[in-house]
Structure formats: C-alpha cells, structure tokens
Amino acid sequence: MSNDEAAAIELKVACDKCALPSLAEDQMLYALAAISATGYVPPTRVPLNLCLVLDHSSSMHGEKLKQVKESAKYIAHQMRTGDRLTLVVFSDRAKTLIVQLGGTAAQTTSQLIDAVEARGGTEIYAGLTHGLEAARKQQTDAFGNHVVLLTDGHTYGDEQNCLEAARAAREAGIFLTVLGVGTEWNDEFLTDLATAGGGALEYIDSPRKIAEVFQAHLRNMQIIYAREANLHVRPAEGVRLKDACRVSPYIANLTREDTTRVSFRGGGPTRLGHGERDLPPGGDRSSPHQKMGAQATTPMEHSFCLGHLGQEADQAFLLELIVSPQATPICRLAHVRLDYLPPGNDVEKSLEAEVILPTVTHSQVETDSKVRDVVERLTAFRLQEKAWASAQAGDIPQATQLLKAASTRLLSLGESELSQAVFAEAQQMERTGQTSSIAVKRIRYGTRGLIPFLPRLFSRRNK
Amino acid sequence: MITCRRCHAVHLEGALFCDQCGSPLVSMADEASGEVAPPTGKIKSEFFTSKEAGSEAMVAQNSLLVKEAAETLQLTVSSTGRIFRLPVKGQVLIGRRDSLAGVFPDLDLTPDGAVAMGVSRSHARITIDETGSYVEDLNSLNHTHLNRERLVPHQPRALRAGDELQLGRLAIRVESALGP
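Rules used throughout
- Residues numbered from 1 in each chain as written.
- Chains lettered and ligands numbered in written order.
- Predicted model: local features only at pLDDT ≥ 70, side-chain atom pairs only at ≥ 80, totals over all residues.
- Contact = placed C-beta atoms within 7 Å.
- Helix = DSSP H or I, 4+ residues; strand = E, 2+ residues; numbered from the N terminus.
- Nonpolar A, V, L, I, M, F, W, Y, C, P; charged D, E, K, R; others polar.
- Pairing = 2+ DSSP bridges.
- Axes fitted to C-alpha atoms, helices over the stretch in contact; angles between N-to-C directions.
- pLDDT = per-residue confidence, 0-100.

Topic: the interface of chain B and chain A
Here's step 1: Across the contact, 25 residues belong to chain B and 28 residues belong to chain A.
Here's step 2: Listed by contribution, the elements that provide at least two residues to the side of chain B that touches chain A are β2 (10–11), α1 (28–33), β12 (164–167) and β13 (170–176) of chain B.
Here's step 3: Residue contributions to the side of chain B that touches chain A peak at three residues, all from α1(B).
Here's step 4: Tallied by class, residues from the side of chain B that touches chain A come to nine nonpolar, eight polar and eight charged.

Right, dumping it as structure tokens:
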C-alpha cells in the first residue's frame, strides 16, 4: 500500500487471500489494484485540446443528430480561455467545421453547427484520421489532448487502418474516446478502437442521453489528477501474470505497452526489452495442464496504458497471478507501480505497492468477499463475451449455455433485472438461433458496468 | 488442481470460479477438510447429505442414503457451491435458523449468507412424493422465484432438474442427482 499526498492520488492493492497456502503445485491469486483521488490537493484544470468527430451520415437523421448538435454547441460554450476545440463532421467524407481557439463560442459557431445535415454513408476512417490530424495540429504537451468520436453505424474495410491510427495517436499523447449511439454500431470494432486509443467506449442507447454523456466526458477531461498514467506490474520470480483487466469504473481490457523489463535469474542485470510480449492480448490462455509443466518463470514487467486520470479517477484493476510453490515464510509476489505526470508539470511521479503475503501450511484461508465479488462479476462479463463469440461462430447451443451460466452468476450477485434479461436472451437464442443486436449491447454494457462500488472496496475490513 | 463439479473443467488451486461454466469452485483441500460447507442447524441427515462436506468417510457412512437418493434432485447454492441432495420422499423446509424463535429448517441457508440475501426463517418447502417434486413459497417476505417467476404463496409448483430457484436474492440451481 502506498500513497502520495502531493499528487493527490493513491494506489492500493488487496488480495483475495490474507495468506498463501503452502502447496506443492501452482495456485491462483487475485490481486485488486485500485487508484483513487485522495482529495488532499484540489484537482487541476488543464487546458483542453479537444476534437469532436461527429457522424452526420443519413442514419443520424432526426433526434440523434439534433441531440448531437445541441451537445456540440454546449461543449463549444463550455470551452475556457486557453482551450482549443476542433469540430470535424463526417459521413462518407470528412471536413473540419470549426476551429475555436481560446474562448467561448462565437455566434457563428452555433450557426455552423445548426447547418449540419444528415446525409451520406459512414466511413469512420475518414472522420477519425481527419480528427486525429486536427488534434495533432493543435497539440502541445501542456494540454490534455482528446479526440471524441461519435457514431451510430458500421464502417467497412478500414477497421485495421482505424486501429493503427488510434494506436499511433495514443503513442503521441492523443487519447480517443468513442461514443456509440443506438444499436447498429459494431461494438467489437469500437471496443478495440477505444482500447487502441487509450480511452473509453460508451454505449448511448437513447438520443436523450447524448448530452448527458458528453457533459460527463467533458468534466472528466477538464479536471484531471494525472496525465499519461501507466500501470506496471512486475511479478516476482516464480509468479506469472495470467491476465490483467480493468474492473472499475467498468470492465475493459487494458492496452499493453510494448516495453517489458526483464530481470535475469540469479541476481543478474536488468535490461529493458522493446517489442517483447510475454502476455498475449486478453491474457495467458494456456491450460492449467501446460502450466503445471512450466518451469519457474523469469520475472517480467507488464505495462498498461491508462491514459489521463480524470475527475472520475477511481479505477480498479484485477491482476490474476499464477504462483508457483513458495518456500519462504513471507512471499513477495508482485510489485505494482503507477507512473504518471502531474497535471501542472512534466516531472514524472511514481506510486508503488507490493503484493506480499505470509505462507501458511494449512489450506483454510479466508477469502476476501469484496475481491471475490469482483471476480464473480468479471466471470459473468466473460461468460457473456464468450457467449457472443460462440453465437458468432454458429455454436448456438454453447452460446445459450454460456448465457444461462452468466444469468446464474448475475442472479447470485443480486442483479436480478440483468439476470432476467440475459436469461430471456438465452431463451430467445434457443428458439430462433439468432442474437438480437439490442440485447447484445444491453447485456454487454450492463455486465461491464457491474462494479460501481470501488470507493468502498478498501474502506473497511471484511468480517 | 480443482475440477469443476458442473462441467469438469480443470483449474488451478485458488481459482474462484470456473471460466467455462461460471460455477464457484471448491478446492480439493477444502473439500477434504469438510470446512467449506459444514452441515449446520438441525439438518436431518435422513433427508439429504451435504455433498460439499462429503469426505470419503462421510460418503461411505451415508452410502445407503446416497444410493437411495441417486435418482433424486440436488440443490446447489450458486454463491457458495454448497450442494444438498433431496430425499426420495418427504418434505424439506428451507430457510435460516433462528433458535430464539424456535425455527430450525431442514436446509439452513445461514452459512450461505441467508440474512444478507433476504431469506426468511421459514422461506419455502419442497415436497417430494411418487408423482414428483414440488416447491411452495411459505409467504416469505422477499418471495421465492422459480425460473424468474414469482411463486404465489402456498401454491406448490413442480420442480425439475435445470430449474433455478431464487429465495430472496439467494440463487439455487436444481440439478439431477445422479450419484457420486
């Protein structure tokens, strides 16, 4: 556990066990790392370089485009002295509508936004590259640099290019947030896009919520506690990181950086390796049988890009560690470090925490119910994700079974309404052999937001 | 290693849930010690055996009962993985123990967090006879749901393998007990 009052943020780690049973075989350990604002120092408002990339294809016609235009006008009026706002609109081609530097919107801004009409197809790559380029033109290190892409549709054939553009922008310090409106957008692609861009994906099921979501994101971008945060996990010798996943404020895969630190066994030198990936995206998928035969592993450092930590800074990450048999009475199992830049300057700061547990000879170790609860919620999320993958592969019986299993977990968690929705979708799938795109989105975005109680996670001991 | 009781997928010791079917996992060590799900309250062993507490010795002791109950149903508490085998004939009162009030259900869900999950002292009753198994809500405060449908108090409904019961917020799976 550690904290840094000056930085106003705190890093804490809790495990599912209070001690490690001494076993002759590999075992799983769950560690929950939480980053939260301590509130000792008021958060700083950083100048914003924001580019809104808005879909105005013909499918946006009506209430959706009306709400988007109102939200864009609202954001233009919220810009303060020193902020930079670029508004890009796209359908099958993209154009820069407004570049607003340093101040609130002029009358002409509203007029230009009002004049936008719905027409054409949806080519996300055209809009995205135009927006990223616009953000890059206005970029300076002193700014929070963000691109917000809003779309309601699919893009065809340019997905890979989009992902590469988002990844390159993130590496250059520009973070991408994706807002999907309605039910027709390709959530798998947009999830990957937001992950590649180091930002979030938000599902907006009703046009009425567009303004609300925009306002929440604007607040989060304007007031930040830390810039360009990276979480580093270095398992100790004999410990492997099976998977790492964001679990709060919503469940999402993490973006891995390509740099790993490799410590040679026997106290040898430490070197930085580039482009090494010891943990495949989505985690280590090898079977427990394969693990059983594995030798003690060389410690490596896994780095995950978290982007800027905004007003909603409280975040948690579940680390799944595979621990080989341990011989010492006290085990140092992993080192967790958060590197970030404070809002006001470019001097990098770090917070560190160790995962240390005593070993015990008996196997009756109490499980922390809060960590268990997080694991159970993540299990429900993963089951429904597997179900959609099975359905897409045409294995409807398997998909149905997985959805029912997810429904059971949700019921056990007390999420009766969501459980019911999942069960109903399983039955529907059983009857028709098809999935409904509305249900997929509702269930996926319902289950990923299941862990809203992070501040309470570390507040008191479990009894 | 832990083998999932439901789908038989193999997991590392310490894993909490099966990633194939979502079931809670119980480690072999816990199982052998019998400490994970000790039978509590006034459990009538002639009615059911606690499979989680079933060390080899215990299974041997109850072999006759296990054999007798081989064609019956079993209840699995989703959150804890505790398994209860129902008798071939008779009644099982489900709820939470309250010795002050003199309530001693046959199936006491107190160790499964019954209070927090809104389970009443006398919550529901399962009746098993030659025509089948039936569940009946005993006018509980937080209701009994069968496959997400709220039961009308005191109106028994047929219970089958594959059903899902919910007592308050506590989920219980109904499965076929095909013997160990």
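Further notes follow.
Points about the sheet that holds strand β6 (residues 48–55) of chain A
Residue and element names in this part refer to chain A.
Here's step 1: Read from one edge to the other, the open sheet built from six strands follows the order β8-β7-β6-β9-β10-β11, with strand pairing classed as mixed. If you trace the sheet from one side to the other, it starts and ends with β8 (94–101) and β11 (201–204), each paired once. Going from strand to strand, the sheet's axes swing by 15 degrees on average, the running direction of each strand aside.
Here's step 2: Direction of pairing for β6 relative to strand β7 (residues 84–90): parallel, over a ladder of seven bridges. Looking at the pairing, Val 53 lines up with Val 88 of β7.
Here's step 3: On the sheet, helix α5 (residues 187–196) packs against β10 (175–181) and β11 and is oriented at approximately 160 degrees with respect to β10.

Let's talk about the confidence of the model for chain A
Residue and element names in this part refer to chain A.
Here's step 1: Model confidence for chain A is summarised by a mean pLDDT of 78, while 81% of its residues fall at 70 or above.
Here's step 2: Considering each helix and strand of chain A separately, the mean pLDDT is smallest for strand β17 (residues 270–274), with a value of 28, and largest for strand β19 (residues 315–323), with 93.
Here's step 3: Taken together, the stretch residues 1–7 has pLDDT below 50 and engages in 18 contacts with residues farther than four places along the chain or on a different chain.
Here's step 4: Contacts from residues 258–298, a stretch scored under 50 in pLDDT, to residues over four places away or in other chains number 52 contacts.

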